[in-house]
There are 2 protein chains.
Amino acid sequence: MHDPSRQHRAPGFPSPSVREAASMYGTAVAVFLVILVAALQGSVPPENPFPYRIFLDPQGTLELSWNVSYVQEAVYFQLFVRGLKAGLLFGMSDRGELENADLVVLWTNGNSAYFADAWSDRKGQIHLDTQQDYQLLQAQGTPDGLSLLFKRPFGTCDPKDYFIEDGTVHLVYGILEQPFSSLEAINTSGLQTGLQRVQLLKPELPVPTMPADMRTMEIRAPNVLIPGQETTYWCYISELPPGFPRHHIVMYEPIVTKGNEALVHHMEIFQCAGGFESFPHFSGPCDSRMKPNRLNYCRHVLAAWALGAKAFYYPEEAGLPFGGAGSSRFLLLEVHYHNPLKIQGRRDSSGIRLYYTATLRHFDAGILELGLVYTPVMAIPPREPAFVLTGYCTDKCTQLALPAAGIHIFASQLHTHLTGRKVVTVLARDGRELEVVNRDNHYSPHFQEIRMLKKVVSVLPGDVLITSCTYNTEDRKLATVGGFGILEEMCVNYAHYYPQTQLELCKSAVDAGFLQKYFHLVNRFNSEEVCTCPQASVPQQFASVPWNSFSRDVLAALYGFAPISMHCNKSSAVRFQGEWDLQPLPEIISTLEEPTPQCPASQAQHPAGPIVLSIGHGRHWSPEPLPPKAAPLRWILEEVMDSALFSHVSETLAAREAEGDGRALGLPDTGSAAASP
Amino acid sequence: MHDPSRQHRAPGFPSPSVREAASMYGTAVAVFLVILVAALQGSVPPENPFPYRIFLDPQGTLELSWNVSYVQEAVYFQLFVRGLKAGLLFGMSDRGELENADLVVLWTNGNSAYFADAWSDRKGQIHLDTQQDYQLLQAQGTPDGLSLLFKRPFGTCDPKDYFIEDGTVHLVYGILEQPFSSLEAINTSGLQTGLQRVQLLKPELPVPTMPADMRTMEIRAPNVLIPGQETTYWCYISELPPGFPRHHIVMYEPIVTKGNEALVHHMEIFQCAGGFESFPHFSGPCDSRMKPNRLNYCRHVLAAWALGAKAFYYPEEAGLPFGGAGSSRFLLLEVHYHNPLKIQGRRDSSGIRLYYTATLRHFDAGILELGLVYTPVMAIPPREPAFVLTGYCTDKCTQLALPAAGIHIFASQLHTHLTGRKVVTVLARDGRELEVVNRDNHYSPHFQEIRMLKKVVSVLPGDVLITSCTYNTEDRKLATVGGFGILEEMCVNYAHYYPQTQLELCKSAVDAGFLQKYFHLVNRFNSEEVCTCPQASVPQQFASVPWNSFSRDVLAALYGFAPISMHCNKSSAVRFQGEWDLQPLPEIISTLEEPTPQCPASQAQHPAGPIVLSIGHGRHWSPEPLPPKAAPLRWILEEVMDSALFSHVSETLAAREAEGDGRALGLPDTGSAAASP
């Protein structure tokens, strides 16, 4: 393998400080790198090539657009870098850490610039991947910056690579402010880095026909002065016109104030409870002491948007009812501002635009809450990297509450508190797991969006829905019990479905009597430490458990064995009739397998090492940004590869002449995709 | 993908019965298939190309030779088929089952013959692999049969493929007696099938220099009449000459009577205990009522061989001491005859040839027993597919018993009784697992051989050795407890090492008091079923546990938590001095990962479908075997591939003219490898 550190370096080349380097190299690389067209194996879809777009950093200098090809099982990325310094890292990691990350690296050693598929080790040091799975399709300079176009298969056969799957993906980036003698010389710990969460694999769904009488309503908090602090939840009460009749929401989309795209993290509209005459108008931080208590009764989700999400469409046959008798006219808009740079004085009027119709669709849509009851009997021991709790919606409940033709889940919002790391809901029938309703193996409590399902899941009477959440409590000293508090935990899947039924809540918790047997048993084993007297509360009991592998494993064994108490409810307080205590756990005789990466057949065709972009003609690095119309430069592109097997790839790379103003010249096939935004 | 079932079939072609087909097609395919040279990507090593050889079937019609290329991470197979009928299956599966197997299939539909990489589903039906990872290098007919040469990477990216790893591999085969219209028409359930266990990945070790004064001694049971039953263990006592002084065994090898290669399954030589003046001479079945009881004192392993193994060499610096004062002159040879066809009247004089020297080497070699103490406190619940028990050799014991420079383990023999499925021993230092001493993920109690380690493992004072065994008790109704009985279980690794120390045994078991806590606890949870009174034995207590997921999980939790009782012994009865009860479990803060398949970079170069061998010139199938010198035939070889990507492979295949006598003609590169045995 070619080692870039062996590249020739000009004698006496000074070793610049970070600050010097930043000014020395400035936008130099951005201007120097003009054109690179590598082996274009799969061409980019011609129309609307990059429908999804976010800023990676709060300054808005890294703009990522992407598209998904489910046929090729690959993601196409277009990364636009404003004011490129000496390079950058971009990639993915399990939970957004810069260690153990799967990265593309664009870097320079002062003489040449390189593009490579790399990975960072546990200490943040960068290494070249043995297999180059990020395929560079195009690099294009503009007066503003640099645009890189590259693709990545969902799965590769490289053990150092991230497997792109459904759900949240933690994108990471790092800014190189100075040249590095080699890839291995880079360590992420010294860089300006960050992360952004997105759902990369957006479902490919046809846009439903919109009704002719569709109207819109904008719910936004006008002219908010974004506080100069990292996290703000802004609460704003708005109100439907008096006498506003029953309508169906058929779609909604975000309205983000221009310039604030990197600050507005997520937004939700809640409908307030129907029982109150009115709600006080309020516009302020949700944690403000000035916030009226009554706003706590605004909890029914009408719409939710998070960063990277696009418009949300209801299926053509269903709409979300709002307005009309018995429903509150009051709506609460909650906007989460994420302002890590603590920018001051920024004004914002972001919100959500609802599209609704008076011509009610065939079905009302509803929301069914699956998972665990909010109760301390379900607890997570401390110091656990991945403890799993499971909540059931049993066959007995679905048998009683669902119509014979079943219900159709088309969207889902997963929910836990701070220690949640994974969430999955699976549908089982006759003891066999049939399909996944929604799975997020990289779930983050900081990124909860309503997600359309790739495929509508139909649930029949007698089916079982199993929702499992995986928690990380490594930083906690005491057990984390279930409950409403932010330091307590939840495991919930809000399933959006139609036709609406009376069933609002289908959740479970371990039987409380069996939990007492557990405390007894731990006492017996450890010689009396947990009070099993009647006055001790369950959280107190959990707090006094002596945690070790035995008490942990036995708690897990209890949750996997003991009977459950079911909440099969019409509303949060009203149960369906029947015996719901001491119910047996659903018996599952066959389980679904976790998805695993499929290796692309074409992997061997990729280059084996970094792609080099030499800057020819002996030009020196300029401390000044080059003028937009500089003298012509000659670009030498070469593949650094030690294997003859891949030589056909290098043959497709050619030296080119281009104007220094950075206009793209003669790009085959992907001209339209290459236009910078 | 080309579907072989769409191949043209002669109109009115009769559908022959199995018996008819057997006579109709007889050796026809063997004679017709003469030459096929496919893309020879990696050529076979030139010298001694197939050092390992076994018969797959008890009749000796399928003879497999193989070689391993650790550089290519691939196995080269040469399969010689005597009297080929209408084709065969050959492959690998987890434990030798014909369902869920990874197979190569050679079959004919009456018109053409095919070779393909395929897999069998849970019902035994054969399907084509999407990726063809068995690469056919050559097919060659001889008057006796057909020789196939093909290679397979250790790991592929095909999820239907078996991952070839260290330890036991279960090879499977099936005989096709009649043509099949398509691959999918084949089901393994209707075929004559079988399995053979081998260690495919033999270590590549240099042969040590042999001493100049080396002598040999053959230990064999002369002229045994092999009983006409499936399983016989034959016991034979032989004796060293009186006054035979201390020697070092430096090597040994099997002597298998010619013609009995498929019957002699494994052989072991045990040295009898030193305390007895003499042992009665005996030659007969080991389970015979005539066998003298004293032979039970012949347990010290001197040599062990199993099917497929070659000569065993001690490292140059060590030898196994035998002879001399204090050691018994009496040796017990045990030969396991595996005779599933119940062949009668066969005579056998197989045994083991010892190579020894009077010039003692620098070190005595020794055997250290690792794993679990033979005690019922270690038990496996019934109905478990994969329950793990772990035995420890603690830091305290190695600190006390090992020399400062440590010991060097160079070979290992794993041992369990009937329910053992996997065994692994790992070395840990300072709480971190460092390396695997020996791992067998497809361990079979029916295939226990002493295996040379690929790499000598050095164990220092203070190191920990962790031996884990995985058991399958799905067919048992009661718990399986530890013990000597064949229906009880063991978990042992006999580690062969030097320099010999006093430490003979370093094993553990859960503390008996903590096990009583477990029985109490299960009673508490299930309302009193296990007698915890003093007169109840541990096997009785285990027999009365009400087994469910809770009692199972809590037992596993107990074994993972409770303190252990250590056997750190000089001999099976004499402990090293110290406190060995209520010892803490070794704390392991980082564990090794299981090996995973590395995908070969060249995978995309393989054909995408079966290889067809058409039989040209309108010749009809002959019910008679063709005479050895038939008229010239024309061979048409074509690749069935629907992808242009792979067309370069098909270009390397060509139509050839060849003599009907089946001599290999003009084979490039692999001529020497192609010679039939």
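Keep in mind it's a predicted model, so treat the numbers as computed, not measured.

Colleague: Mind laying out the overall build of chain A, listing which residues take part and the relevant values?
Modeller: When helices and strands are tallied, chain A shows 8 helices and 40 strands. Classification of the 677 residues of chain A by burial places 58% in the buried group. Of all intrachain contacts in chain A linking residues separated by at least 6 positions in sequence, the fraction that spans at least 24 positions is 77%. Summed over all atoms, the accessible surface of chain A reaches about 27800 Å², with 52% contributed by carbon and sulfur.

Colleague: Residues and numbers for the environment of B:Asn441, please.
Modeller: Residues and elements named next belong to chain B. Relative to the assigned elements, Asn441 resides in the loop between strand E31 (432-440) and strand E32 (451-459). Spatially, the C-alpha atoms of Asn441 and Lys422 are 4.8 Å apart, while their sequence positions differ by 19 residues. Sequence-distant contacts of Asn441, defined by excluding residues within four places in its chain, comprise Glu165, Arg421, Lys422 and Glu594. A distance of 3.3 Å separates the side chain of Asn441 from the side chain of Glu165, its partner in a polar contact. Within the structure, the side chain of Asn441 is placed 3.1 Å from the side chain of Glu594, a separation counted as a polar contact.

Colleague: Tell me about the nonpolar core, and name the residues and values.
Modeller: In terms of nonpolar packing, the biggest core is built from 72 residues, with A:Phe542, A:Leu558, A:Tyr559, B:Phe542, B:Leu558 and B:Tyr559 touching the most fellow members. Each residue touching A:Phe542, except ones within four places of it in the same chain, is listed here: A:Pro376, A:Val377, A:Ala379, A:Ala479, A:Val481, A:Leu515, A:Phe519, A:Trp547, A:Leu555 and A:Tyr559. Counting 52 residues, the second-largest nonpolar core is a separate cluster that includes B:Ala318, B:Leu354, B:Tyr356 and B:Met490.

Colleague: With reference to specific residues and values, describe the state of the cysteines.
Modeller: Disulfides are covalent bonds that connect the sulfur atoms of two cysteines. Residues and elements named next belong to chain A. Evaluation of the coordinates by the stated rule reveals 10 disulfides over all chains. What pairs with Cys397 in a disulfide is Cys568, and their sulfur atoms sit 2.0 Å apart. Measuring the twist about the S-S bond at about 85 degrees, one finds the Cys397-Cys568 disulfide to be right-handed. In this pair, Cys397 is assigned in helix H3 (residues 395-401) and Cys568 in strand E37 (residues 564-569), connecting sequence segments 171 residues apart.

Colleague: Report on the domain arrangement of chain A, specifying residues and quantitative values.
Modeller: Residues and elements named next belong to chain A. What the domain assignment lists for chain A is domain 1 (52-202), domain 2 (214-363) and domain 3 (366-570). For domain 2 and domain 3, the distance between their C-alpha centres works out to 29 Å. Counting residues at the interface gives 16 residues for domain 2 and 14 residues for domain 3. Connecting domain 2 to domain 3 are 0 salt bridges. Our count for the domain 2 to domain 3 interface comes out at 2 residue pairs in polar contact (both at pLDDT 80 or more). Of all the secondary structure elements, the ones that give two or more residues to the side of domain 2 that touches domain 3 are strand E17 (264-272), strand E19 (298-306), strand E20 (312-313) and strand E21 (318-322). With 3 residues, the single largest contributor to the side of domain 2 that touches domain 3 is E19.

Colleague: Go over the sheet that holds strand E33 (residues 464-471) of chain A with me, naming the residues and quoting the values.
Modeller: Residues and elements named next belong to chain A. On the basis of which strands lie adjacent, the open sheet formed by 4 strands has the order E28-E33-E30-E31 and antiparallel pairing. If you trace the sheet from one side to the other, it starts and ends with strand E28 (387-393) and strand E31 (432-440), each paired once. In this sheet, adjacent strand axes meet at a mean angle of 20 degrees when their direction is disregarded. Alignment of strand E30 (residues 420-429) against E33, held across 8 bridges, turns out to be antiparallel. Within the sheet, the bridge partner assigned to Thr425 lies in E33 and is Thr467.

Colleague: Tell me about the packing of aromatic side chains, residues and numbers included.
Modeller: Ring pairs (aromatic) are described by centroid distance and by the angle formed between their planes. Tallied over the entire structure, the rule returns 54 aromatic pairs over all chains. With centroids separated by 5.3 Å and ring planes inclined at 70 degrees, the aromatic side chains of A:Phe276 and A:Phe279 adopt a geometry described as edge-to-face. Looking at A:Phe276, the relative accessible area reads 26%, which means it is partly exposed. Taking the relative accessible area as the measure of exposure, A:Phe279 reaches 2% and is therefore buried. Between B:Phe115 and B:Phe150, the aromatic rings sit 6.0 Å apart at their centres with planes inclined by 55 degrees, giving tilted as the arrangement. Residue B:Phe115 is found in strand E7 (residues 112-120), and its partner B:Phe150 is found in strand E10 (residues 145-153); the two are separated by 35 residues along the sequence. As far as burial versus exposure is concerned, B:Phe115 and B:Phe150 are alike and both buried. By the ring-pair criterion, three or more aromatic residues cluster together here, those being A:Tyr252, A:Phe312, A:Tyr314, A:Phe363, A:Phe410 and A:Tyr498. The ring of A:Tyr374 carries A:Lys507 above its face, with NZ or CZ at 3.6 Å from the centroid.

Colleague: Hey, could you go over the environment of B:Thr467 for me, with residue numbers and the actual values?
Modeller: Residue and element names in this part refer to chain B. As for its placement among the helices and strands, Thr467 is situated in strand E33 (residues 464-471). When the C-alpha atoms of Thr467 and Tyr392 are compared, they prove to be 6.3 Å apart, with 75 residues separating the residues in sequence. A polar contact of 2.9 Å, which involves the side chain of Thr467, links it to the side chain of Thr425.

Colleague: Tell me about the environment of A:Arg451, and please be specific about residues and values.
Modeller: Residues and elements named next belong to chain A. Mapped onto the fold, Arg451 is located in strand E32 (residues 451-459). Among the residues examined, Arg451 registers a relative accessible area of 5% and is labelled buried. Through-space distance from the C-alpha of Arg451 to that of Leu88 is 31 Å; in sequence the pair is 363 residues apart. For Arg451, the residues in contact, after removing those within four places along its chain, are Gly167, Thr168, Gln199, Phe410, Ala411, Ser412 and Asp440.

Colleague: Describe helix H6 (residues 549-559) of chain B, listing the residues and the values that go with them.
Modeller: Those residues of H6(B) not exposed but buried are B:Phe550, B:Ser551, B:Val554, B:Leu555, B:Ala557, B:Leu558 and B:Tyr559. One side-chain oxygen of the residue at the start of H6(B) lies 2.9 Å from the amide nitrogen of B:Phe550, identifying that residue as B:Asn548.

Colleague: Give a detailed account of the sheet that holds strand E29 (residues 407-415) of chain A, specifying residues and quantitative values.
Modeller: Residue and element names in this part refer to chain A. Across the sheet, 6 strands lie side by side as E32-E29-E35-E26-E36-E37; this open sheet has mixed pairing. Strands with a single pairing partner mark the edges of an open sheet, and in this sheet they are E32 and E37. Direction aside, the axes of adjacent strands within the sheet are offset by 25 degrees on average. For E29 and E32, the ladder comprises 5 bridges, and the chain directions are antiparallel. Within the sheet, the bridge partner assigned to Ile407 lies in E32 and is Val459.

What counts and how
- Residues numbered from 1 in each chain as written.
- Chains lettered and ligands numbered in written order.
- Predicted model: local features only at pLDDT ≥ 70, side-chain atom pairs only at ≥ 80, totals over all residues.
- Heavy atoms only, no water.
- Helix = DSSP H or I, 4+ residues; strand = E, 2+ residues; numbered from the N terminus.
- Buried < 20%, exposed > 50% of the residue type's maximum accessible area, 1.4 Å probe, protein only.
- Contact = heavy atoms within 4.5 Å.
- Areas by Shrake-Rupley, 256 points an atom, 1.4 Å probe, with all protein chains shown as cover.
- Polar contact = N/O pair within 3.5 Å; in protein donor to acceptor, adjacent residues only side chain to side chain.
- Core = buried A, V, L, I, M, F, W, Y, C linked by side-chain atoms within 4.5 Å.
- Disulfide = S-S within 2.5 Å.
- Domains from an automatic or database assignment.
- Salt bridge = Lys/Arg side-chain N within 4 Å of Asp/Glu carboxyl O.
- Pairing = 2+ DSSP bridges.
- Axes fitted to C-alpha atoms, helices over the stretch in contact; angles between N-to-C directions.
- Phe/Tyr/Trp six-rings, centres within 6.5 Å; stacked < 30°, edge-to-face > 60°.
- Lys NZ or Arg CZ within 6 Å of the ring centre and 35° of its normal.

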